[in-house]
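Fold and geometry: a report
Next come the chains, spelled out residue by residue.
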Amino acid sequence: MRKKFHPIAKGGLVGAVCLTALQYQAALAQVSEPTLASFEIESQPLAKALMKYSEQSRVVIVAPSDLVKGKTSSAVGGYLEPSMALDQLLKGTGLALQAGNNGALTLKVDASSTQEQETARPFLMAQLETEPAPASAPATEAVEDERSIQDTVIVTGVRGAPRSVIDSPTPIDVFTADEISQGSPSGVFEAIRYLVPSFNLPTRAGGGTATVIATGGLRGLNPDQTLVLVNGKRRHKTALINSVSSLYNGAAGVDLNMIPSSAIARIEVLRDGAAAQYGSDAIAGVINVILKEDAEGGEATASYGQNFDRGDGEALTASANQGIALGDKGFLNLSYSYMDRDESNRAVPISENINLYPLLGDGSRDPREASIDRMVTKNYGAFPQKSDIFSANMAYDFGGFEGYAFGTYGARTSILNWSFRTPSNPVSLPELYPNGFRPRLTIIEDDYEVAGGFRGETGSGWAWDVSSNYGTDITDWENSNGLNASLGPTSPTFFEVGRLIASEWTNAIDITKAHPLSSGGELQTSFGVQHRWENYKVEAGDEASYAAGDYMGLAPGAQATPGFRPDDEADATRTNLSAYGELGWTPTPKLFLGAAARYEYFDDDAGDTTIFKVNGRYELTDWFALRSSYNTGFRAPTLAQQSYSSTTSQFRDLDGDGETELLLLKNLPVNSPAAVALGSTPLVPETSKNFSIGFTATPFENFTLTVDAYQIDVDDRIAVTTTFSPADTRPSAVPGTTVGDQIQAILVANGLSSEISGQYYTNAIDTRTKGIDVVATYRLATDYGDFHFNAGFNKNDAKITGIVDNPPELASLGTIEIFDRSKQGAITDALPDSKITLGANWDIGKFTTNIRATRFGSYTVRNASNPTADYDVDPAWIADLEIGYAFTEAFSLFAGANNIFNEYPDQIREPGATNGSNMYDTLAPFGFTGGSWFVRGAYKW
């Protein structure tokens, strides 16, 4: 079934496609390049004037912040050449223009000036990268190391003009490559967990594929309610769905860990609804990954670490990045990341009094009880995973327009070791597994995306960007060390379970222009159209993986993960068309008002909709500003939610007695006969209303404070139903029968095994989420080194405002709810109610020290039917430490520890008598395997 290609060959294929796309741009007609630009810049602080100049000239300036601090610009007006306008702007400042070695424009102290040059800190200005950028803009140098938040320029949430973080009308965070690498995280998502206060990333969101996907959400919402962009272009979703998870069940988001961390220049996290600007999914916000554009130099890193306890969870990572100049008009940036993580386990051996073998004929114990490994559970921790990820990013200035392309390729293997089947278990056929067995699911994943386009500016000043990108995620499932017990001793022990494939193809045209107004100020006008094609496939496994034999009446299908059956197969396709318009009005330097509207059409049951957004920012003083936003949004059901079907072994407490039962749980497609018989209806889009209000403050130099409160209403949220199981012993509405009897009758009548339990996705609930985000940063230069302090706080509260009524098909089931207590609690109570992040970075000489402390608030895990079986998890502080030393300008070595005090979540129960596990809540946001140490080396050239 699976075609195997070497990862390097696939990486080369991605690079070849990117090169082909770039060469194609050279054949396109050039657009004339303007020589004059319209300027309308008032006399104001030089830093803001330079931002204005960059916006109106479409030319990037790189300058040290201390060089421009305290200086005031001259006024500039009229149609001028950009160089003449800059000379006028700098009059009286003692500064002059200078061209860098790579063509970037910088500022220097004018040699003819008497002003004294001070030791300068970096100041970065950049152009919009998520929307059209002119071909004439030179590449910027990497000067981000010590910039303050006032200086940091963002490209997400705004169009057509550079804007700093502090000047943004909506809350946004920016994280550099150095910040992402602190603590040697195994992936990008793991880094964001500790950087964004309102971002939640449970170590394990549940069982099944939820243990493989890096799954996190903003502001208490689901991962697929956050839109992910790369270089401003929509990223494709994973084929894996959180099908049997406790948190985020049904979510099929973007897996950021399929992007090499070595390729990332920075990540921008927009914490506000932006569906009107960017389209479906951006209910909670947007994560925009900006790739490196260096045309020279490079870096290689390697790290190794393991857990404090048991010495398990060994992790090895390595990465490399290289910039290559394409003449003097372009660049090619190549990156690679490798990760190999071993499993960890916190289970304990079970008692020697527990019989694992059947009793002998005379009633005595089997002598093998004395030698069998009593550590029967091996998977109570992190699962092993290995990945190779490549990327390429490139652009070339053809003289009148710019061609660009980028792509990623990831190959990842994830291993899920399932629960031990003891020798006494009837499915442990002694002819095959006399000492029991532990089935293993291996998911082999190939993920790639290729994007390309061209952009430029017309003679009348309209900046344009035409792009196309295609991405797909292919997952092959293999079941090994298993059997299909219903086939008897002749059963295979290896099975091809099936394949999932998710693909997206997006084409877009974006146009924008800034219009100076005769009354003063300006109006930014932007509009565009987008076409998106989506496809989701489920391919069946080999026949033995799902076959129903007749051996001793044992359960059919491969143990733990039966194969996808022919009737599970799906090939769902849909097309989306959208058009948007956006206005940004700056009537005065102190006021910004924005508005956007978008129309979306889907050719399936999602239908069409029109959404909008308005926002604004007003400076009350030079250091204090108010900002606010209101928007409507939507998220169309993913094709995976509509089509996915699989069967896995999962533990569930059905009757509320505190004991879990091992079930064969099937996710039923919404339109399948069995799901319809249990009351399913076609999925409709989720809709949202999002309101936020806050302020920004910079009361003194190098200190910033942002505070933003928000309320997000989401109607028709898609969630998984309660578990409908034949093992449910509660009485039904039919006298003399149980709920399980009635469910079994429904499932069997629709062609499913009497052993199967079922669930499906439905528009189950309406929710309201309220919260507040606080972010503060401070930089301090002293004789004892440079310090950078940061602090963040998030308080989040989610409520269910409506639950769908039980469908009439469930009338015979009695008191069972379609959306039970545990499912409700996963929305309202199972995430920490607050998070505090504190960080300090100290640089002195060749030493650097990073200290981070994170407080995860309390949360509650509900039982499906019994409130007395609920349990609370107390707040916990987690501390991380990293110390680095630069042996040379090129080589640095770091060592440190994550969770340095080896904290574990509260123990909620004693280890299970028969499995030695389940004493910790697996939803703990900092995991349940304790602390770990690491060493990391970095070499730059």
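Residues numbered from 1 in each chain as written. Predicted model: local features only at pLDDT ≥ 70, side-chain atom pairs only at ≥ 80, totals over all residues. Heavy atoms only, no water.

- The name recorded for the chain in an unreviewed UniProt entry is Secretin/TonB short N-terminal domain-containing protein, from Hyphomonas chukchiensis.
- Recorded in UniProt for the chain, the comment headed Sequence similarities (unreviewed entry) runs: "Belongs to the TonB-dependent receptor family."
- Of the comments in the UniProt record for the chain, the one headed Subcellular location (unreviewed entry) reads "Cell outer membrane". (UniProt positions renumbered as here; feature names shortened; annotations may be inferred.)

1. A look at the pairing of strand E35 (residues 834-844)
- Bridge count between strand E34 (residues 785-803) and E35: ten bridges; the pairing is antiparallel. When the bridges of E35 are listed, Phe787 appears paired with Trp842. (Pairing = 2+ DSSP bridges. Helix = DSSP H or I, 4+ residues; strand = E, 2+ residues; numbered from the N terminus.)

2. Let's talk about the nonpolar core
- With 31 residues, the main nonpolar core has Phe199, Leu256, Ile267, Ile287 and Val289 as its most contacted residues.
- Counting only elements with at least two residues in this core, the list comes to helix H6 (188-195), strand E11 (226-230), strand E13 (264-270), strand E14 (285-291) and strand E31 (703-720).
- For this core, the element with the highest residue contribution is H6, accounting for five residues.
- Excluding residues that lie within four positions of it along the chain, Val289 makes contacts with Leu229, Val230, Asn231, Leu256, Ile259, Ile264, Arg266 and Ile267.
- In terms of nonpolar packing, the next biggest core, distinct from the first, is built from 29 residues, Phe383, Tyr644, Val670 and Val720 among them. (Core = buried A, V, L, I, M, F, W, Y, C linked by side-chain atoms within 4.5 Å. Buried < 20%, exposed > 50% of the residue type's maximum accessible area, 1.4 Å probe, protein only. Contact = heavy atoms within 4.5 Å.)

3. Some details on the sheet that holds E13
- Spatially, the five strands line up as an open sheet ordered E8-E13-E14-E11-E12, and their pairing is mixed. Since the sheet does not close on itself, it has two edges, and those belong to strand E8 (172-176) and strand E12 (233-234), each with one partner.
- Bridging between E8 and E13 involves five bridges; their strand directions are antiparallel. Directly across from Thr176, in E13, lies its bridge partner Arg266.

4. Examining the pattern of salt bridges
- In this structure the tally under the stated criterion is 40 salt bridges.
- A salt bridge links Asp281 to Arg234; the nearest nitrogen and oxygen atoms lie 3.3 Å apart. Of the two residues, Asp281 sits in the loop between helix H7 (275-278) and E14 while Arg234 sits in strand E12, which places them 47 residues apart along the sequence. Pair check on accessibility: Asp281 and Arg234 agree, each one buried. (Salt bridge = Lys/Arg side-chain N within 4 Å of Asp/Glu carboxyl O.)

5. A look at helix H4 (residues 82-89)
- Turning to H4, its buried residues number three or more, namely Ala85, Leu86 and Leu89. All buried residues of H4 lie within an arc of 100 degrees about the axis, which places them on one face of the element. (Arc of directions from axis to C-beta.)

6. Some points on unusual backbone geometry
- Phi is positive for Asn231, which is not a glycine, with a value near 50 degrees.
- Under the relative-accessibility criterion, Asn231 is labelled buried at 9%.
- Phi is positive for Asn702, which is not a glycine, with a value near 70 degrees.
- The topology assignment puts Asn702 in the loop between strand E30 (686-697) and E31.

7. What to know about the environment of Ser822
- Within the fold, Ser822 resides in helix H11 (residues 821-828).
- Residues Ser822 and Asn863, spaced 41 residues apart in sequence, show a C-alpha to C-alpha distance of 5.1 Å.

8. Let's talk about the side chain of Ser503
- For Ser503, the position within the fold is in strand E22 (residues 495-516).
- Taking relative accessible area as the criterion, Ser503 reaches 7% and is therefore assigned buried.
- Polar contacts involving the side chain of Ser503 include one to the side chain of Tyr470, which spans 3.5 Å.
- Contact partners of Ser503, with chain neighbours within four places excluded, come to Tyr470, Gly471, Thr472, Trp533, Glu534 and Asn535. (Polar contact = N/O pair within 3.5 Å; in protein donor to acceptor, adjacent residues only side chain to side chain.)

9. A few points about the confidence of the model for the chain
- This prediction gives the chain a mean pLDDT of 84; 85% of its residues lie at or above 70.
- Here residues 1-34 is modelled with pLDDT under 50, and outside its nearest four sequence neighbours on either side it reaches 66 contacts, counting other chains as well. (pLDDT = per-residue confidence, 0-100.)

10. Regarding the side chain of Asp708
- On the secondary structure map, Asp708 appears in strand E31.
- Its relative accessible area of 1% is what places Asp708 among the buried residues.
- Polar side-chain contacts of Asp708 include one of 2.9 Å to the side chain of Arg627.
- Setting aside its immediate chain neighbours within four residues, Asp708 contacts Pro171, Arg627, Ile693, Gly694, Gly771, Ile772 and Asp773.

11. Section: the environment of Leu46
- Tracing the backbone through its elements, the reader meets Leu46 in helix H2 (residues 46-57).
- Under the relative-accessibility criterion, Leu46 is labelled buried at 0%.
- Leu46 sits 24 residues away from Gly70 along the chain, and the two C-alpha atoms are 7.7 Å apart.

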